[in-house]
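Notes for the structure review
Chain by chain, the residues run as shown.
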Amino acid sequence: MSQRQILVTSALPYANGHIHIGHLVEYLQTDIWVRFQKLRGHRCIYVCADDTHGTAIMIGAGQQGIDEETLIARMQKDHVDDFSGFGIEFDNYGSTNSPENRALCEEIWAAIRKAGLVVEKEVTQLFDAEAGTFLADRQVKGTCPKCGATDQYGDNCDKCGATYGPADLIDPRSAFTGTTPEVRTASHLFIEIERLHEFLAEWTCSDDHLQSEVANYLAGHFLHEPLRDWDVSRPAPYFGFEIPDSPGNYWYVWFDAPIGYMASTRQWCDRHGEQFDDWWRSDQTEIHHFLGKDITYFHTLFWPAMLKTAGFSLPTKVHIHGFLTVGGEKMSKSKGTFVRAATYLEHLDPSYLRYYYASKLNPRVDDIDLNLDEFITKINSDLVGKVVNLASRTAKFVEKTGLAIKYPDDGGLFQQAADEGQAIADAYEQCDYNRAMRRIMAIADRANQFVEHAQPWVLRKDPDKAQELQGICTIGLNLFRQIAVYLAPVLPRLAEQTSELLGKPIVDWDESQTPLVGTPVGKFKHMMTRVEKKQVDAMIEASMKTEDNGAAESAVPYSDSGQPLADDPLAEICSFDDFLKVDLRIARIVEAKDVPKADKLLQLTLSLGGDRRLNVFAGIKAGYQPEELVGRLVLCVANLAPRKMKFGLSEGMIVASGPGGKEIFLLSPDDGAQPGQRAH
RNA sequence: GGGCCCGUAGCUCAGCGGUGAGAGCAGGGGACUCAUAAUCCCUUGGUCGGUGGUUCGAAUCCUCCCGGGCCUACCA
């Protein structure tokens, strides 16, 4: 097998938030792949960095009263700690706010300029003077100029479907401060990526650079029509690198972020006396990017276009994974399933998550689900019950004698498992860890059957059978070690413990091909403890309490996030008389049923006490089951003008909060309230 | 509206043109006691979402339909 030279990256985590178990899918997927390549004897380096630029960092720093450099330095430290806690080993972990990155941005920019791909265009944007920043379309809300619907984003109206620019909104408000933004025109620099259309159409479909579903996605969404110019500059003030030949303009964060892969490589090269061009301008080096489906197009269209234009190597493969769900649902802060890496580490062993993710990951873009009950049984039965147990049930019988000098006849078991090595390696190579784990567990099953039938605990009682006992345990421990080698990319800690027990380090995949004989056996120590449900519960409980307020760490007891208010700023002043026009009443839901043809609606019958009933269609289907609603008290707008809907007449509204989707929270009165009472 | 992915045992998934459809976990029965109540043996359980087609033969390929998820809706 010839030695490959491989450069691997994971997407750069953004410096405005902590690492959580969703991020870890990617970093663990990548780390396992890298460890696998290294174990196979390839030259492989894994680089990453914090992504530090952009408006969000600027705003975040402002809110905390610190400068951007302080914010990103703090967050970088937290990120590095989290990664190392999970055994994720980078060869270099840099920052996009580094001199190396600036230099590379300038180099690539110069090449794009030289290729004549840059054009300048005027862009009119809203500017938040209080926050000191330009606002993206989605960072502005206001009233739709077509239909008058309130609270619409700056790009289109989801009531009437009209599209417009943020400056067209009536009464626009900044999402950050709620202030009225001013209109400013600035000139932006664009890259005419369409000029590379043909190249991209070819590249995305060839040589297995992309998973087939990703290539299809690009072909159907972007490449079927001319590519739009890419706006790569932002006017000051902006936290980032100023564009040398365009003073007052900064590179958009998505321009310099992927270049961070290169900058991180350069730092590594400088530390190791390596040539940068051997990694980024060489046919001999494979480049593998791992990233989530949300940032597909930056990495499969813009990034190859930038590399191509600047004369660097193109990615060998872009590996795109799906999102993490927990218990089949999106991670939720309120349900405690939005678990930070640091919180996880306070309660559980990182090996558990490494193995669990490995057992679920496949080469497709599918989302993967973390089912907490399955998590517990999988760890306990696979890792503790099957794998570690093999060592646990044989090692102590040979503590004194060590392994046999000659490997005994095991009926072909070791050879069979050695032969599996290639299939397991292929599965790792293709990121089909699920398949690899299944094959490895099958070896563990066969090994346990062997020990069971050989009955070392019986042999132990007969001094004449000492040699046979040693032979049995030599087989058992060798099968165990073989599994530890195959699992080493996933469970590096187990590999170390195995090395310690048997006195021989596991540094090469080929250790799985030859049995170990004649070495001493150390005293067996537990290698992994069982997971208890209460540990998992405690983690969820703790996550529920953890305020994830981005980078903001507050000492205030109720450190509620400012995000909801920022997303939806306060409305204008309303007079008391105006308020009284709205007749809010306590109501009891006496009937609730699904509206089969509606995506969002449930049909409710509200009782205001006595015989008074209201028929209401409420857009809460995603958050509530009809049966759980019947009987509960809610707050309703009882005098709302009836509205004729496709499904019938709606005679009021019930009051709820939340951003929408599944996150809808109905209001309930305290005990004692009665239907029909007015709220004011 | 468009696109992509998925729908196989209670759960998580494998099989993706060819002997009677599989694994792990869960459930039931038994064995063992070396081991972290681990392990081993036996066992229950499935009209492979539905329909139509291609084929000597389909869970596996194609049509349509139903259901779930994600991404989009002129926006990167």
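My aim in this report is to walk through the structure given alongside it, one point at a time. These figures come from a predicted structure and were not determined experimentally.

**As for the protein's contact with RNA strand B**
- Around RNA strand B sit 40 residues in total, of which Tyr297, Lys360, Ser392, Met528 and Arg530 are the nearest.
- Among all atoms of RNA strand B positioned within 4 Å of the protein, those belonging to sugar or phosphate total 77%.
- With respect to RNA strand B, the side chain of arginine 435 contributes an N or O atom lying 3.4 Å from a phosphate oxygen.
- The backbone of methionine 528 places a nitrogen or oxygen atom 2.4 Å from a base nitrogen of RNA strand B.
- A total of nine residues in the surface near RNA strand B trace back to one element, the largest contributor, which is helix α12 (residues 372–392).

**Considerations on unusual backbone geometry**
- A cis amide bond, omega -5°, links alanine 236 with the succeeding residue proline 237.
- Its place among the elements puts proline 237 in the loop between β11 (233–235) and β12 (249–251).
- Here the phi dihedral of cysteine 431 falls at roughly 65°; this positive angle occurs in a residue that is not glycine.
- On the secondary structure map, cysteine 431 appears in the loop between α13 (413–429) and α14 (433–454).
- Given a relative accessible area of 3%, cysteine 431 falls into the buried group.
- We note that glutamine 455 has phi near 50°; this positive angle belongs to a residue other than glycine.
- Considering the arrangement of structural elements, one finds glutamine 455 in the loop between α14 and α15 (456–459).
- Classification of glutamine 455 as partly exposed rests on a relative accessible area of 35%.

**Regarding the pattern of salt bridges**
- Under the definition given, this model contains 32 salt bridges.
- Of the charged contacts in the structure, one is a salt bridge between glutamate 429 and arginine 4, with a shortest N-O distance of 3.1 Å. Linking glutamate 429 in helix α13 with arginine 4 in the segment before β1 (5–10), this pair joins segments that are 425 residues apart in sequence.
- For glutamate 429, a relative accessible area of 25% corresponds to the partly exposed category.
- Between glutamate 496 and arginine 493 there is a salt bridge whose closest N-O contact spans 3.1 Å. One end of the pair is glutamate 496 and the other is arginine 493, both in helix α17 (residues 492–502) and three residues apart, which spans about a single turn.
- Among the ionic contacts, a cluster of salt bridges with common partners joins Asp31, Arg35, Glu89 and Arg354.

**Re the environment of asparagine 615**
- Relative to the assigned elements, asparagine 615 resides in strand β20 (residues 613–618).
- C-alpha separation for the pair asparagine 615 and serine 650, spaced 35 residues apart in sequence, amounts to 5.7 Å.
- Beyond its immediate chain neighbours, meaning those up to four positions away, asparagine 615 contacts Gln603, Leu604, Leu649, Ser650, Glu651 and Gly652.
- Of note is the side chain of asparagine 615, whose polar atom sits 2.9 Å from the side chain of glutamine 603.

So, how was this worked out
- Residues numbered from 1 in each chain as written.
- Chains lettered and ligands numbered in written order.
- Predicted model: local features only at pLDDT ≥ 70, side-chain atom pairs only at ≥ 80, totals over all residues.
- Heavy atoms only, no water.
- Near = heavy atom within 4 Å.
- Polar contact = N/O pair within 3.5 Å; in protein donor to acceptor, adjacent residues only side chain to side chain.
- Helix = DSSP H or I, 4+ residues; strand = E, 2+ residues; numbered from the N terminus.
- Buried < 20%, exposed > 50% of the residue type's maximum accessible area, 1.4 Å probe, protein only.
- Salt bridge = Lys/Arg side-chain N within 4 Å of Asp/Glu carboxyl O.
- Contact = heavy atoms within 4.5 Å.

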